[in-house]
Amino acid sequence: MPAKNKQHDYTHLIKTENTTMATAIKAIPTLYGEEAARFRLMAEDAERRYESMPQRSTGSDPFAISMRNMLRRSGMPVVQ
């Protein structure tokens with residue numbers, strides 16, 4: 001069994017080669033012309049479909065009820 005005060009040699013863990021400390025920033029893709037118009041139409045359609053969805057009540061939603069019960073059991077504050 002090794003002694004408790006024995007010093008360890010960790011020099012093998014130190015990298016000696018040059019390493020990059022930051023990731024290069026990539027250009028943000030930009031849409032133009034027909035692609036931009038198509039993207040905008042698709043985004044507006046998705047927003048319209050989301051807004052037309054019926055709103056669910058968190059008081060009667062089974063997922064919300066089970067989540068509140070789980071939070072209550074774990075001692076977390078629960079907002080109704």
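Right above here is the structure, for reference.
These lines cover the structure that appears in this document, whether it is placed above or below. (Residues numbered from 1 in each chain as written. Predicted model: local features only at pLDDT ≥ 70, side-chain atom pairs only at ≥ 80, totals over all residues. Heavy atoms only, no water.)

This part is about the overall build of the protein. Of regular secondary structure, the protein possesses two helices and zero strands. Counting every position in the protein, which comprises 80 residues, the buried fraction comes to 4%. Here the protein has roughly 8,700 Å² of accessible surface; of this, 59% comes from carbon and sulfur atoms. (Helix = DSSP H or I, 4+ residues; strand = E, 2+ residues; numbered from the N terminus. Buried < 20%, exposed > 50% of the residue type's maximum accessible area, 1.4 Å probe, protein only. Areas by Shrake-Rupley, 256 points an atom, 1.4 Å probe, with all protein chains shown as cover.)

What follows deals with the pattern of salt bridges. Under the defined criterion, the tally for this structure stands at three salt bridges. Where Asp45 meets Arg48, a salt bridge forms, and the shortest distance between an N and an O atom there is 4.0 Å. With a gap of three residues between them, Asp45 and Arg48 both fall in helix α1 (residues 33-51), about one helical turn apart. Judged by relative accessible area, Arg48 falls into the exposed class, the value being 51%. Linked by salt bridges that have partners in common, Asp45, Arg48 and Arg49 make up one network. (Salt bridge = Lys/Arg side-chain N within 4 Å of Asp/Glu carboxyl O.)

This part takes up α1. When the terminal C-alpha atoms of α1 are compared, their 27 Å separation across 19 residues agrees well with the 27 Å that a helix rising 1.5 Å per residue should span. Burial analysis of α1 places just zero of its 19 residues in the buried class, a small minority of the element. (Expected span 1.5 Å × (residues − 1).)

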